[in-house]
Amino acid sequence: MTPDDFDKLQTLLATRAGYRLARDRIHLAEHRLGPIARREGYANVEALLANLWAQPVASLAWAVIECLLSPETWFRRDRTPFNVLEKELLPALAQARADGRVRIWSAGCSTGQEAWSIAMAGKAAGAHVEVIGTDLAQRAIEKARSRIYSGFEVQRGLTAHAMLRWFEPAEDQWRVRDELAEKVRFGRSNLLDEPTDDVRFDVIFCRNVITDMEPQRRARVLDGLERRLVDDGCLFLGVDERLEGETVAFRPVNGRKGLYVKAPSSLRRAA
């Protein structure tokens, strides 16, 4: 891969998805693009990129973008957010809603483990939850919709008891049980896009999604999350993610790493 190719990749990723591609990841990028080149019938990565620059095709561009994004995820990742959701937030929110229903958005859900983990917490809390999982990567969404995971994927984060409670054998893999699947819907969505509806959520999970974004795009995403969150709702970011000077829309909850609520200034604007 030439430096010029890498520069164009940086621009593509930033423009379409808002992410930064550090120059020290040039070899990683080339490694990840290899399978895409072979799948699309190109002799090598250079040929793939040459065709993409000469004849930009949306499907090929998104295939390239998706392979460069990190899909790292696992069930009940970091655990504490799901414990807080189950033990503290869901009982309070369900009681505060006239119909007892709690809407939760897993924004940047990758292959679905986070959304399923949220649904598990809802079941454990005895709450009526509706979970929407969205991601930029179509292939990730397709896997999430399939409900099929390997034994390694399921055991990464879940106890043997939870594995047997929420999954059933599917040949040599595991399938999410129907009673959990009925609580979750998946769809492709770009957090940089303007919303096409006025749906708002009681809780939003957007964990480990914005860290590698360009500052301007990160602020745009946070603004969109604020508009999607009800006034007394909660936002979960990654436990190590911080909002320092990037937005006045949210304030952290003391003693709860990664948990945010709307700031008073944001509530005044909404009023």
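Residues numbered from 1 in each chain as written. Predicted model: local features only at pLDDT ≥ 70, side-chain atom pairs only at ≥ 80, totals over all residues. Heavy atoms only, no water.

**Considering the overall build of the protein**
We count it as follows: By definition, any uninterrupted DSSP run of H or I lasting at least four residues is a helix, any uninterrupted run of E lasting at least two residues is a strand, and each is numbered from the N terminus. We compute the radius of gyration from the C-alpha atoms alone; for a globule the expected value is 2.2 Å times N to the 0.38, where N is the number of residues. Using a 1.4 Å probe on the protein chains alone, a residue whose accessible area is under 20% of its type maximum counts as buried, one over 50% counts as exposed, and one in between counts as partly exposed. Here, residues are in contact when the closest pair of their heavy atoms is within 4.5 Å. Think of it this way: Lys and Arg go in the positive column, Asp and Glu in the negative one, and His and the chain ends go nowhere. By convention, the charge on Lys lies at NZ, on Arg at CZ, on Asp at CG and on Glu at CD.
Check the secondary structure of the protein and you find 12 helices and 10 strands. Computed over the C-alpha atoms, the radius of gyration of the protein is 20 Å, within 12% of the 18 Å expected from 2.2 N^0.38 for a compact globule of 271 residues. Here the C-alpha coordinates of the protein stretch approximately 60 × 50 × 30 Å along the principal axes. By the burial criterion, 51% of the 271 residues in the protein qualify as buried. Of the contacts made within the protein by residues no fewer than 6 positions apart, 70% connect residues no fewer than 24 positions apart. Here the protein holds 41 positive side-chain charges and 39 negative ones, and the gap between their average locations is 3 Å.

**Considering the confidence of the model for the protein**
Worth spelling out the cut-off: The predictor reports its confidence for every residue as pLDDT, a score running from 0 up to 100.
Of the residues in the protein, 97% reach a pLDDT of 70 or more, and the chain-wide mean stands at 91. Between the elements of the protein, mean pLDDT differs from a low of 60, seen in helix α12 (residues 264-270), to a high of 98, seen in strand β7 (residues 201-205).

**What about the sheet that holds strand β3 (residues 148-149)?**
What counts, and what does not: When DSSP finds two or more bridges between two strands, those strands count as paired.
With antiparallel pairing, the 3 strands of this open sheet are ordered in space as β3-β5-β4. Each edge of the open sheet is held by one strand with a lone partner, namely β3 and β4 (167-170). In this sheet, strand β5 (residues 173-176) lies alongside β4 in antiparallel orientation, the contact comprising 4 bridges. When the sheet's bridge partners are listed, Phe-167 is paired in β5 with Val-176.

**Concerning helix α1 (residues 3-17)**
Residues lying three or four places apart along an α-helix face the same way, a consequence of the helix completing one turn every 3.6 residues. Our working definition: Expected span of a helix, by definition, is 1.5 Å for each gap between consecutive residues, and there is one gap fewer than residues.
Between its terminal C-alpha atoms α1 stretches 21 Å, which fits the 21 Å expected from 15 residues at 1.5 Å a residue. Those residues of α1 not exposed but buried are Asp-5, Phe-6, Leu-9, Leu-12, Leu-13, Ala-14 and Ala-17. Packed against the buried residues of α1 are α2 (26-39), α3 (45-54), α4 (58-68) and α11 (215-228). Gly-18 lies just past α1 and shows a positive phi near 85°.

**Some remarks on the side chain of Glu-86**
To keep it simple, the criterion reads: What qualifies as a polar contact is a pair of N or O atoms within 3.5 Å, subject to a donor-acceptor requirement within protein and to the restriction that residues adjacent in sequence count only when both atoms come from side chains.
Here Glu-86 is to be found in helix α5 (residues 80-96). Polar side-chain contacts of Glu-86 include one of 3.3 Å to the side chain of Lys-87. Sequence-distant contacts of Glu-86, defined by excluding residues within four places in its chain, comprise Pro-91, Ala-121, Ala-124 and Ala-125.

**Focus: the sheet that holds strand β1 (residues 101-107)**
Defined as follows: Lines fitted to C-alpha atoms define the axes here, with helix axes fitted over just the stretch in contact, and angles between the N-to-C directions of these axes take values from 0 to 180 degrees.
Across the sheet, 7 strands lie side by side as β6-β2-β1-β7-β8-β10-β9; this open sheet has mixed pairing. Only two strands of the sheet have a single neighbouring strand rather than two, namely β6 (184-188) and β9 (250-252). Across the sheet, the mean angle from the axis of one strand to that of its neighbour is 25°, orientation sign disregarded. With 5 bridges connecting them, strand β2 (residues 128-135) and β6 associate as parallel partners. Among the inter-strand pairings, Ile-132 is bridged to a residue of β6, identified as Arg-185. Its contacts with the sheet place helix α6 (residues 113-125) against β1, β2, β6 and β7, and it is angled at close to 160° to β6. Strand contacts of helix α7 (residues 138-146): β2 and β6, with the helix running at about 160° to β6, the strand carrying the most contacts.

**Quick word on the packing of α2 against α3**
In plain terms, the rule: Any angle from 65 to 115 degrees is called roughly perpendicular, while one under 35 is roughly parallel, one over 145 is roughly antiparallel, and all others are oblique. Classes in brief: Ala, Val, Leu, Ile, Met, Phe, Trp, Tyr, Cys and Pro nonpolar; Asp, Glu, Lys and Arg charged; the others, Gly included, polar.
Between α2 and α3, the shortest axis-to-axis distance is 9 Å and the interhelical angle comes to 80°. Put simply, α2 runs roughly perpendicular to α3. For the pair α2 and α3, contact is made by Glu-30, Leu-33, Gly-34, Ile-36 and Ala-37 and by Val-45, Glu-46, Leu-48 and Leu-49, respectively. Residue composition of the contact of α2 with α3, by class: 6 nonpolar, 1 polar and 2 charged.

**Observations concerning the environment of Leu-12**
One can find Leu-12 in helix α1. Once the C-alpha coordinates of Leu-12 and Val-131 are considered, the two residues, 119 residues apart in sequence, prove to be 31 Å apart. Beyond its immediate stretch of four places on either side in the chain, Leu-12 contacts Ala-17, Leu-52, Ala-61, Val-64 and Ile-65.

**A closer look at α11**
The terminal C-alpha atoms of α11 lie 20 Å apart, and with 14 residues this matches the ideal 20 Å at 1.5 Å per residue to within 8%. Restricting attention to buried positions, one finds in α11 the residues Arg-218, Val-221, Leu-222, Gly-224, Leu-225, Glu-226 and Arg-228.

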